[in-house]
Amino acid sequence: MLLVYLVSPLDLVPDFLPVIGYADDVIILAITLRSVIRSAGPASLRRHWPGTPAGLAIIERLAGLAPTREPGQTHGG
């Protein structure tokens with residue numbers, strides 16, 4: 001569904017408008033990715049995450065998931 005929306009010539013805001021033309025595409029993409037991440041669950045995300053722990057923490061925060069604590073990390077940082 002997302003791919004169809006992104007390649008479709010019909011858009012909420014026409015892409016030829018500078019900056020805001022692509023803003024609706026970015027918002028739809030972000031909402032979809034957040035939904036997919038939340039549906040997969042935090043354990044699945046952590047198990048398959050290929051990036052750095054810092055990158056995972058950013059994605060978890062953006063998806064509204066509880067951040068991962070590294071072993072030995074205390075509550076204060």
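See the structure above.
Predicted model, so just to flag it, every value in this text is computed and none were measured. (Residues numbered from 1 in each chain as written. Predicted model: local features only at pLDDT ≥ 70, side-chain atom pairs only at ≥ 80, totals over all residues. Heavy atoms only, no water.)

A. Layout of the environment of L33. On the secondary structure map, L33 appears in helix α2 (residues 20-40). L33 sits 29 residues away from L62 along the chain, and the two C-alpha atoms are 9.9 Å apart. (Helix = DSSP H or I, 4+ residues; strand = E, 2+ residues; numbered from the N terminus.)

B. Representation of the nonpolar core. Grouped together as the largest cluster of nonpolar side chains are five residues: I37, L45, L56, A63 and L65. Look past the residues within four positions of L45 in its chain and what remains in contact with it is I37, L56, I59, E60 and L65. (Core = buried A, V, L, I, M, F, W, Y, C linked by side-chain atoms within 4.5 Å. Buried < 20%, exposed > 50% of the residue type's maximum accessible area, 1.4 Å probe, protein only. Contact = heavy atoms within 4.5 Å.)

C. Main features of unusual backbone geometry. The backbone of V19 sits at a positive phi, close to 65 degrees, despite the residue not being glycine. Looking at where V19 falls in the secondary structure, it is placed in the loop between α1 (2-7) and α2.

D. Looking closely at the packing of α2 against helix α4 (residues 53-63). Put simply, α2 and α4 touch, their axes get as near as 9 Å, and they point 100 degrees apart. Here α4 runs roughly perpendicular to α2, going by the angle between their axes. Here R34, I37 and R38 of α2 come into contact with α4, specifically with I59, L62 and A63. For the contact of α2 with α4, the residue count by class is four nonpolar, no polar and two charged. (Axes fitted to C-alpha atoms, helices over the stretch in contact; angles between N-to-C directions. Parallel < 35°, antiparallel > 145°, perpendicular 65-115°, else oblique. Nonpolar A, V, L, I, M, F, W, Y, C, P; charged D, E, K, R; others polar.)

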